[in-house]
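Survey of secondary and tertiary structure
Spelled out from the first residue to the last, the chains are:
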Number of protein chains: 2
Amino acid sequence: MSTIIDGNAISLSIQEKIKAEIKNCMIRPSIAVIQIGENTFNDKYIAAEEKICNAVGVYFRLYKFDDNTPELTIINKIKELNNDEYVNGIMIQLPMPPKYNEKRLLNTISNGKDVDGLTDINVGRFINGKKSIVSCSALAVMHILEEYDIDVAGKHVVIVGRGKLVGRPLATLMLSHDATVTICHQGTVNLSDYTSKADILVSATGVANLIKKDMVKEDAVVIDVGLSIVDDKLCGDVDFNNVSKKASFITPAIGGVGPVTLACLLENIILCYNAKNTK
Amino acid sequence: MSTIIDGNAISLSIQEKIKAEIKNCMIRPSIAVIQIGENTFNDKYIAAEEKICNAVGVYFRLYKFDDNTPELTIINKIKELNNDEYVNGIMIQLPMPPKYNEKRLLNTISNGKDVDGLTDINVGRFINGKKSIVSCSALAVMHILEEYDIDVAGKHVVIVGRGKLVGRPLATLMLSHDATVTICHQGTVNLSDYTSKADILVSATGVANLIKKDMVKEDAVVIDVGLSIVDDKLCGDVDFNNVSKKASFITPAIGGVGPVTLACLLENIILCYNAKNTK
């Protein structure tokens, strides 16, 4: 039987650390979240972000725009937030409606407030091995492995998904920790040929139950970052009930990576806050 | 028997195209190469760069600094070249002596003249899927595969080496062309477990004869980007004589990727030149 990874416990311990840090701040760290259009997932995520911010004392502001808002209005709001010295982090909740120029909007965020680590310059600094802000989901995976003393050096890490929030930054983090990394995606032929070789398998696709028991190596570590809604129920990428019989460690779809990702968002806000306040 | 890839022929056809393009330029495109310290390899590379530039009509300038030169002197020279409207591309020949801050020097190059695609902002733009300048060696590998009608979509591409000039940018290019990508490196345990699964194997380590026949799958495509000097002779990463009996396509250490990389440098210079002249 697998060890089921307790993301809530990890999240709580990060929260405690941050709560203690914030206690000493005269001005509270703060984040501004921008929501564009309607999306059930985004509503859920934002509610969770607000809750965890409130729990530790990060000041949370939400700016909602319906999807008829001109792009320029949102850009001007981001610029205003860039210049607002009481805003430490700015995040656009993704995905945004496709009619908007996502790259342009993301790159309007000032690098020092880019808590998702998605601006060109932050991505470049990260890839070039400099200190920079890194996507919370990717950090969360590393946090979990560290917490459970799972060393990645020399291991074969297979990542399913090549997105900017998980796959790509996580591959870079894993390489920098000396893992051998394979990146699979929608274009991969015979996915199980790859997944079944993984010492550590990370799935971040949003395809419900993509990863079945026969696609996983005995005693593999299985980390499920994907979420989708099936029959009104939140579903992970991993067929948890069956894969958990084979994996050595496994994250549940709920209470696994999610709460750690939220805690990493707090860490990134503090990173931005401290960078600003030590200038 | 393998098809031996003729890098010289590919290079010549790119050179012809560029020569024709330059004919119409009133002001010749130009590159400034910065050499710091002594390095036999760098001498050879720079001589080859100068030769190919002369062959097509790119104006070539070399700035040599001995390794006692203060970093600030080199930085000031780069800044001067950034501001020189007759310089279209700037390249620091790597490796540089370790006592210099490589990241700082590279990031002094203006993004529009960064023909190696190594500044933070160019790397970030590239990773974020925007039009940008990309490392010549990585481009050369893609060029070769295209020239020989080798489609990478759905193929398993194994890259040995995670450096900034080949491994990392090539992985991104391959992913954007729908290959499934594995990145191996010095920390990889049982390298042949990975290389023997590759449909397309790219080695870029500089370890002579690292890739032996028994590490390669029957009919694999083998691309050798590495070079080292053994007994005064230039040596590739691939044991060519034996691996060529098994591969479907293979590049020789000399006359393979090298000349195509030089031709891609010319393309990057023209890219910088055109971007400047169409502003």
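Residues numbered from 1 in each chain as written. Chains lettered and ligands numbered in written order. Predicted model: local features only at pLDDT ≥ 70, side-chain atom pairs only at ≥ 80, totals over all residues. Heavy atoms only, no water.

1. Points about the sheet that holds strand S3 (residues 59–65) of chain B
Residue and element names in this part refer to chain B. Note the threshold: At least two bridges found by DSSP between two strands are what make those strands a pair. Think of it this way: any DSSP run of H or I at least four residues long counts as a helix, any run of E at least two long counts as a strand, and we number them from the N terminus. To obtain each axis, a line is fitted to C-alpha atoms, and for helices this fit is confined to the stretch in contact; angles are then taken between N-to-C directions over 0 to 180 degrees.
Taken together, 3 strands build an open sheet; the order of strands is S3-S2-S4 and the sheet is parallel. The sheet terminates laterally at S3 and strand S4 (89–92), the two strands that pair on one side only. Along the sheet, successive strands turn relative to each other by an average axial angle of 20°, direction set aside.

2. A look at the relation of the copies chain B and chain A
Our working rule: Residues below a pLDDT of 70 in either copy are left out; the C-alpha atoms of the rest, at least 70 in both, set the least-squares superposition of the copies. Contacts are assigned to residue pairs that have any heavy atoms within 4.5 Å of one another.
For the match of chain B to chain A, the screw axis carries a shift of 0.0 Å, the RMSD comes to 0.0 Å, and the turn is 180°. The superposition operator between the copies reduces to a two-fold rotation axis. When the interface residues of chain B are mapped onto chain A, 100% of them again fall at the interface, so both copies present the same face.

3. Brief notes about a negative patch on the surface
Residues and elements named next belong to chain A. The condition is simple: Like charges are joined within 9 Å and nonpolar side chains (Val, Leu, Ile, Met, Phe, Trp, Tyr) within 5 Å, but only among residues with over 30% relative accessible area and no salt bridge; these make up the patches. Accessible surface is estimated by sampling points in the Shrake-Rupley manner with a 1.4 Å probe; for residues, cover comes only from the protein chains shown. Salt bridge, as applied in this entry: a Lys or Arg side-chain nitrogen positioned within 4 Å of an Asp or Glu carboxyl oxygen. Residues scored as positive are Lys and Arg, those scored as negative are Asp and Glu, and His as well as the terminal groups of each chain are ignored. Charge coordinates come from a single atom per side chain, which is NZ of Lys, CZ of Arg, CG of Asp or CD of Glu. Only protein chains enter the accessibility calculation, which uses a 1.4 Å probe. A residue is then buried if its area is under 20% of the maximum for its type, exposed if over 50%, and partly exposed in between.
On the surface, Glu 38, Asp 43, Asp 66 and Asp 67 cluster together to form a negatively charged patch. Assignment of secondary structure puts Asp 43 in helix H2 (residues 40–56). We classify Asp 43 as partly exposed; its relative accessible area is 33%.

4. Digging into the domain arrangement of chain A
Residue and element names in this part refer to chain A. Cut-off, in case you're wondering: What fixes the domain bounds is an automatic or database domain assignment. Accessible area that two parts lose when put together, evaluated with a 1.4 Å probe and summed over both, is termed the buried area.
Splitting chain A by domain gives domain 1 (26–112) and domain 2 (136–258). Once you take the C-alpha centre of each, domain 1 and domain 2 turn out to be 28 Å apart. With 6 residues of domain 1 at the contact, the number on the domain 2 side is 6 residues. When the buried area of domain 1 at its contact with domain 2 is split by residue, Phe 41, Lys 44 and Leu 94 rank highest and sum to 65% of it. Across the domain 1-domain 2 interface, the total number found is 1 salt bridge. The partner of Lys 164 in a salt bridge is Glu 102, with the nearest N and O atoms 2.5 Å apart. Broken down by secondary-structure element, the contributors of at least two residues to the side of domain 1 that touches domain 2 are H2 and helix H4 (102–108).

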